[in-house]
Amino acid sequence: MLQWLPEDVSTFGQGVDNLFHAIYWLTLIVFVLVIGTLIVFLIKYRHQEGKRATYIEGSTRLEIVWTAATTVIVFVLAMFSYPQWNNIKSPTQFPENPDVVVQVSGKQFNWDMTYPGPDNEFGTDDDLVLENELHVPVNAIVHIRLTSVDVIHSFFVPQLRLKQDALPNRFINVWFEATKAGRYEIPCAELCGFGHSGMLGYLNVHAQADYDAWVQERWPQ
Amino acid sequence: MHDNEHTEHHHEESFIRKYVFSLDHKTIGKQFLIYGLIMFFVGGGLALLFRWQLAYPDRPLPIIGASQQYIDEGEVVTGADRMWERIYESDKEEWLEVSMPSGVITPEFYNMLFTMHATIMVFFVVVPILVGAFGNFLIPLMIGTRDMAFPILNMLSFWLAVLAAIVMVMGFFVPGGHASAGWTGYAPLSSDPQWTGVEWGLNLWAISLLLQGFSSLVGSINYITTIINMRAPGMTFFRMPLVIWSLFIVAILLLLAFPVLSSALALLIFDRLAGTTFFSATAEGGGDPLLWQHLFWFFGHPEVYILILPGMGIASELVAVFSRKPIFGYRSMVYAMIAIAFLGWIVWGHHMFQSGMRPGLGSIFMTTTMLIAVPSAIKTFNWLGTMFRGSIRFTTPMLHGIAFVSMFVIGGLSGIYMANTPVDIFIHDTYYIVAHIHYVVFGGSLFAIFGGIIFWFPKMYGRYMNDVLSKIHFWLTFIAFNCTFFPMHILGVGGHMRRISNPQQYEFLQGFEGMNIFITMSAFTLGFAQLILVFNFFWSIYKGKVAEQNPWQVNTLEWEAPTPVPHGNFGQIPTVYRGPYEYSVPGEESDWIPQAQPEHAPATSGD
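### Observations regarding the overall build of chain A
Then step 1. From N to C terminus, chain A includes 3 helices and 10 strands.
Then step 2. Along chain A, helices (α) and strands (β) appear in the sequence α-α-β-β-β-β-β-β-β-β-β-β-α when read from the amino end.
Then step 3. On C-alpha atoms alone, chain A measures out to a radius of gyration of 25 Å, which is more than a quarter above the 17 Å that the 2.2 N^0.38 rule sets for 221 residues.
Then step 4. Referenced to the eigenvectors of the C-alpha coordinate spread, the extents of chain A come out at roughly 95 × 40 × 30 Å.
Then step 5. Looking at chain A residue by residue over its 221 residues, the buried ones come to 52%.
Then step 6. When contacts within chain A are restricted to residue pairs at least 6 apart in sequence, those whose partners lie at least 24 apart make up 63%.
Then step 7. Summing over all exposed atoms, chain A offers an accessible surface of approximately 10,100 Å²; the carbon and sulfur share of this is 57%.

### Details of the pairing of strand E7 (residues 162-166) of chain A
All names here are of chain A.
Then step 1. For E7, the buried fraction is high: 5 of the 5 residues fall into the buried class.
Then step 2. In E7, alternate side chains face the same way, and those of Leu162, Gln164 and Ala166 on one face and Lys163 and Asp165 on the other are all buried.
Then step 3. Summarising the sheet, strand E6 (residues 153-157) and E7 pair through 5 bridges and their orientation is antiparallel. Looking at E7, one finds that phenylalanine 156 is bridged to lysine 163.
Then step 4. Hairpin remark: E6 followed by E7, antiparallel, with 4 residues in the connecting loop; positive phi at arginine 161, about 55°.

### Structural notes on the pattern of salt bridges
Residue and element names in this part refer to chain B.
Then step 1. Considering all chains together, one arrives at 11 salt bridges over all chains under this definition.
Then step 2. Among the salt bridges present, the one from arginine 393 reaches aspartate 591, with a minimum N-O distance of 4.0 Å. Linking arginine 393 in the loop between helix H14 (373-387) and helix H15 (396-419) with aspartate 591 in the segment after helix H19 (513-543), this pair joins segments that are 198 residues apart in sequence.
Then step 3. Classification of arginine 393 as partly exposed rests on a relative accessible area of 24%.
Then step 4. Since its relative accessible area comes to 15%, aspartate 591 is described here as buried.
Then step 5. The closest approach of N and O atoms between aspartate 429 and arginine 498, which form a salt bridge, is 3.4 Å. On the criterion of sequence distance, the pair formed by aspartate 429 in the loop between helix H16 (421-427) and helix H17 (431-461) and arginine 498 in the loop between helix H18 (467-493) and H19 is long-range, its members being 69 residues apart.
Then step 6. The buried category is assigned to aspartate 429, whose relative accessible area is 6%.
Then step 7. According to the relative accessible area criterion, arginine 498 is buried, its value standing at 19%.
Then step 8. Put simply, Arg324, Arg393 and Asp591 are held in one network by salt bridges that share partners.

### Here's the deal with the interface of chain A and chain B
Then step 1. Every contact between the two is made by 82 residues of chain A and, on the other side, 99 residues of chain B.
Then step 2. When the two sides are added together, the surface that chain A and chain B hide from each other amounts to roughly 7,800 Å², 70% of it contributed by carbon and sulfur.
Then step 3. When residues of chain A are sorted by the area they lose upon contact with chain B, Tyr55, Trp85 and Leu191 of chain A head the list and together hold 10% of the total.
Then step 4. For the pair chain A and chain B, the number of links is 1 salt bridge.
Then step 5. The residue arginine 170 of chain A makes a salt bridge to aspartate 288 of chain B at a minimum N-O spacing of 2.7 Å.
Then step 6. At the junction of chain A with chain B, the criterion picks out 33 residue pairs in polar contact (both at pLDDT 80 or more).
Then step 7. The set of elements that each furnish at least two residues to the side of chain A that touches chain B consists of helix H1 (13-44), helix H2 (60-89), E7 and strand E9 (182-187) of chain A.
Then step 8. The element contributing the most residues to the side of chain A that touches chain B is H2 of chain A, with 17 residues.

### A few points about the layout of surface pockets
Residues and elements named next belong to chain B.
Then step 1. Of the volumes computed, that of the second largest pocket is approximately 770 Å³.
Then step 2. Taken together, 26 residues line the second largest pocket, and the ones lying closest to its centre are Lys18, Tyr19, Thr27, Lys30 and Tyr461.
Then step 3. The set of elements that each furnish at least two residues to the lining of the second largest pocket consists of helix H2 (13-20), helix H3 (25-55) and H17.
Then step 4. The greatest single-element share of the lining of the second largest pocket, amounting to 8 residues, is contributed by H3.

### Quick look at the pairing of strand E10 (residues 200-206) of chain A
Residue and element names in this part refer to chain A.
Then step 1. The buried count for E10 comes to 6 of 7 residues, which makes it a mostly enclosed element.
Then step 2. By the bridge criterion, 5 bridges tie strand E4 (residues 133-137) to E10 in an arrangement that is parallel. Directly across from histidine 135, in E10, lies its bridge partner asparagine 204.
Then step 3. With 6 bridges joining them, E9 and E10 adopt antiparallel strand pairing. From the neighbouring strand, tyrosine 184 faces E10, where its bridge partner is leucine 203.

### Digging into a nonpolar patch on the surface
All names here are of chain A.
Then step 1. On the surface, Trp25, Leu28, Ile29, Val32 and Leu33 cluster together to form a nonpolar patch covering roughly 490 Å² of accessible area.
Then step 2. Tracing the backbone through its elements, the reader meets isoleucine 29 in helix H1.
Then step 3. Assessed through its relative accessible area of 49%, isoleucine 29 is described here as partly exposed.

### A word on empty space enclosed by the protein
All names here are of chain B.
Then step 1. Applying the stated criterion to the full structure yields 4 cavities of 30 Å³ or more.
Then step 2. Taken as a whole, the largest cavity encloses approximately 140 Å³ of empty space.
Then step 3. In terms of lining residues, the largest cavity is bounded by 17 residues, among which Phe32, Gly132, Ser157, Ser215 and Ser216 are the most central.
Then step 4. Of all the secondary-structure elements, those providing two or more residues to the lining of the largest cavity are helix H7 (107-143), helix H8 (151-170) and helix H9 (200-229).

### Describing the sheet that holds E4 of chain A
Backbone hydrogen bonds are what pair the strands of a sheet, in a parallel or an antiparallel way.
Residues and elements named next belong to chain A.
Then step 1. Taken together, 3 strands build an open sheet; the order of strands is E4-E10-E9 and the sheet is mixed. Each end of this open sheet is capped by a strand with a single partner; those strands are E4 and E9. In this sheet, neighbouring strand axes are inclined to one another by 25° on average, regardless of whether the strands run parallel or antiparallel.
Then step 2. Along the sheet, helix H3 (residues 208-218) makes contact with E4 and E10, crossing E4 at roughly 125°.

### Overview of the environment of isoleucine 308 of chain B
Residue and element names in this part refer to chain B.
Then step 1. Considering the arrangement of structural elements, one finds isoleucine 308 in helix H11 (residues 289-323).
Then step 2. With a relative accessible area of 3%, isoleucine 308 lands in the buried category.
Then step 3. Once the C-alpha coordinates of isoleucine 308 and isoleucine 416 are considered, the two residues, 108 residues apart in sequence, prove to be 17 Å apart.
Then step 4. Excluding anything up to four places from it in sequence, isoleucine 308 contacts Phe404, Phe408, Val440, Gly444 and Ser445.

### Observations regarding unusual backbone geometry
Residues and elements named next belong to chain B.
Then step 1. With an omega dihedral of 5°, the bond running from alanine 187 to proline 188 counts as a cis peptide bond.
Then step 2. Within the fold, proline 188 resides in the loop between H8 and H9.
Then step 3. Here the amide bond leading from threonine 563 into proline 564 is cis, since omega sits at -10°, within 30 degrees of zero.
Then step 4. Positive phi, close to 60°, is recorded for aspartate 58, a residue that is not glycine.
Then step 5. Tracing the backbone shows aspartate 58 in the loop between H3 and helix H4 (68-73).
Then step 6. With a phi close to 60°, aspartate 429 is a non-glycine residue in the positive phi region.

### Some points on the packing of H15 of chain B against H18 of chain B
Residues and elements named next belong to chain B.
Then step 1. Contact pair H15 / H18: the axes reach a minimum separation of 10 Å and the direction vectors enclose 10°. Classified by the angle between their axes, H15 and H18 sit roughly parallel to one another. Packed against H15, whose contacting residues are Thr396, Leu399, His400, Ala403, Met407, Ile410 and Ser414, the element H18 presents Asp467, Ser470, Lys471, His473, Phe474, Trp475, Phe478, Phe481, Asn482 and His489 at the interface.
Then step 2. Its residues placed into classes, the contact of H15 with H18 shows 8 nonpolar, 7 polar and 2 charged.

### Points about the domain arrangement of chain A
All names here are of chain A.
Then step 1. Once the domains are mapped, chain A shows domain 1 (8-92) and domain 2 (100-218).
Then step 2. One C-alpha centre belongs to domain 1, the other to domain 2, and the line joining them spans 38 Å.
Then step 3. Every contact between the two is made by 11 residues of domain 1 and, on the other side, 13 residues of domain 2.
Then step 4. The junction of domain 1 with domain 2 conceals about 1,100 Å² of combined surface from both sides, 55% of it contributed by carbon and sulfur atoms.
Then step 5. For the pair domain 1 and domain 2, the number of links is 1 salt bridge.

The rules behind each value
Along each chain, residue indices are assigned from 1 in the same order as the chain's sequence is written. Written order determines the labels here, with chains lettered from A and ligands numbered from 1. Under the rules for a predicted model, residues below a pLDDT of 70 receive no local features and side-chain atom pairs below 80 are neither given nor counted, while totals for whole chains, interfaces and linings still include all residues. With hydrogens and water set aside, each side-chain value is computed from the structure's full complement of heavy atoms. Put simply, DSSP marks the helices as runs of H or I at least four residues long and the strands as runs of E at least two long, and each gets a number from the N terminus on. To get the radius of gyration, use the C-alpha atoms; to get the globule rule, take the number of residues to the power 0.38 and multiply by 2.2 Å. Type-normalised accessible area, obtained with a 1.4 Å probe on protein chains alone, sets the label of each residue: buried when under 20%, exposed when over 50%, and partly exposed for intermediate values. Throughout, a residue-residue contact means that at least one pair of heavy atoms, one from each residue, lies within 4.5 Å. Areas reported here follow the Shrake-Rupley algorithm with a probe of radius 1.4 Å; residue values treat only the protein chains shown as occluding. The criterion for strand pairing is that DSSP finds at least two bridges linking the strands in question. Criterion for a salt bridge: a side-chain nitrogen of Lys or Arg within 4 Å of a carboxyl oxygen of Asp or Glu. Two parts placed together each lose some accessible area under a 1.4 Å probe, and adding up what both lose gives the buried area. Contacts described as polar in this section are N or O atom pairs within 3.5 Å, which, within protein, must combine one atom able to donate a hydrogen with one able to accept it, while residues neighboring in sequence count only if both atoms come from side chains. The way it works is a 1 Å grid over only the protein atoms, where trapped points that fit a 1.4 Å probe form a cavity and open points with protein on both sides within 12 Å along at least five of seven lines form a pocket, and then any residue with an atom within 4 Å of a point lines it. Grid points are joined across faces, edges and corners, and a volume is the space filled by probe spheres set on the points. For patch building, the residue pool is restricted to those with more than 30% relative accessible area and no salt bridge; the joining distance is 9 Å between like charges and 5 Å between nonpolar side chains (Val, Leu, Ile, Met, Phe, Trp, Tyr). To obtain an axis, a line is fitted to C-alpha atoms, over the contacting stretch when the element is a helix, and the angle between two such axes runs from 0 to 180 degrees between their N-to-C directions. Orientation categories follow fixed angle ranges, with anything under 35 degrees roughly parallel, anything over 145 roughly antiparallel, 65 to 115 roughly perpendicular, and all other angles oblique. For this scheme, ten residues count as nonpolar: Ala, Val, Leu, Ile, Met, Phe, Trp, Tyr, Cys and Pro. Four count as charged, namely Asp, Glu, Lys and Arg, and the remainder, Gly too, count as polar. Domain delimitation follows an automatic or database domain assignment.

Dropping the structure here:
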């Protein structure tokens, strides 16, 4: 089933995919064991003439075993998940000194990308606003100030394993580092109105030289 | 309106009192059941409409859609074309013209369809059937009393639900159309009409849910009071059947959870009609869209367990009765349900991992959520333990019970992916969650409902449902259900977002067209199969084989009452001598001992 996952092109994507695989195998094994046992029981203990069921009220020992076993599995899984989650979402753990900072703003039904320009400050004359086109260099740390001007949208880049809701009047920081040049879709993943389906932006990941050329073209010096 | 009807037909009071404004818990239970089945068809029909759009985006619907020649060249070819010709020629803005011109579903109407599908299935089908129908019918009979504690409140609960359903369905026909902000109604999409263009539709949605909330509240007070105060002599709490335990726990959840939704809905209505800004963060007002999500899910997650716990209770009855064995670990089953109900209050944040809620909270909610795996595992293993060394009868109710257990396993396991915060980043708001909810609520609750209907039908109507039709319905449903919803896991892994009306707009979803068509065809089969159930249900009320008093040889008290059950249920209130699951007791001749049978008396056929 996991071959259906889109290609992973972010530095933290592998961590997400590893957990995905781990849970996949864990749940598959549990599923096969439980359903296998169920089928065996259904065949073996089907009603047969002259054979009665055995009166069993339960087993405290078994109850303790499967309660404890499930609890242990749950906590082990949680332990492996905390660091991945914090790495992707906790602003205090973001890589510092980003190479690019962009403000992405959802608006029925587009993504507005605002670049601060050479002065690195938003709200100045050299800001550049692009509709639905986000340009970043490959292998560079990108910080996004995510917001919305109307309703809740959700910034989703499947290949980056990244999704974050965009809220009106709130700036949420998001980071990623793309590892492969290319053009990737940015659908909106939260219902935002009649144009929700088809609200689509593009993430253009350029080789460093191409990106520099793009910057040069936009802000000639 | 109903009061007028009442006085007008005063001479027919007996009929009205018996079948319409009945105070008898059994009639009210049956009313809720038929109400739920009718709404089941409304909700299911909506789903088939949007499934068509997902498989064949922007193509006209079959039968009522116009032909391609008509759409391209205006040439009338089919009967449907003539209908559309008439609609377009009339000066009035017809409803069909606005929602699906030429039979092509508009994006606005698509959003209404899935919003109302979920709203109706959750609030008007599963809860009314599980809690309203089974709760009303079973509680007094199974604890051994003559009726509910408050029969008039009970009647009020049903007719409030009817009023709520009327208001909800009316919403489709007001200008601007019905609510289209999803059944979760996230603000500010829901709180400000300018974002959706929906005016009264969403107001009616909120008002209808407020009414339904009162109905549930009244019902839950009744259940709790009845179970605490009116149990038959000898019916201690730990001699109650598990389905009664589940309904008791659910009544407490309803009592505590629904007022939270009601207050959120009230604030939403203020935002929409009175200009307040509880849920919008604008320069003029200091509200917060996340407040709605917290309130909604603080209600919403207990609501999820309201949908599944009675299913677990019914499945426990079916598995024990048809394995002819005591429930394995009866007390741990009760404690597991209490644990699920308790944990249900501290997991709501797992719906909000990607919402912008503080990430540290995500880790806490992940831990509490994954802990639900523990009581769920206890229940699953105990069902397996109940079948272990049993003597399993493959009756149709038992098939549904087995389907419940196996589908619940899939639904439970798929929940672990979403509880896991890093994995949830990817699958949040994709078809993975759609698959998960349907494995729990359709694979779980609905199979329990079907099994319960067939199992208790002889006590409700004194007749059996036709077994051949029931078996055909079961197998068609089981296969079509899995063909419909299992592939949705794969869509989710591919990143296919939910609530989009046209997946073909996205390059990364191009590969899923065939799968979407397959799902739609399976969904139509699934819908068709339900017609068999409803035909069988109504046909069997009048023509089914007459059933004896206790056809499945069950221990619990409802089978002590004569069939059909008279007003007041029992001639003499039974006394309870033992637990509900004394099957295959060693040294006993019969493999079952009714709860009401005195000690050391020879086993009889149960009367």
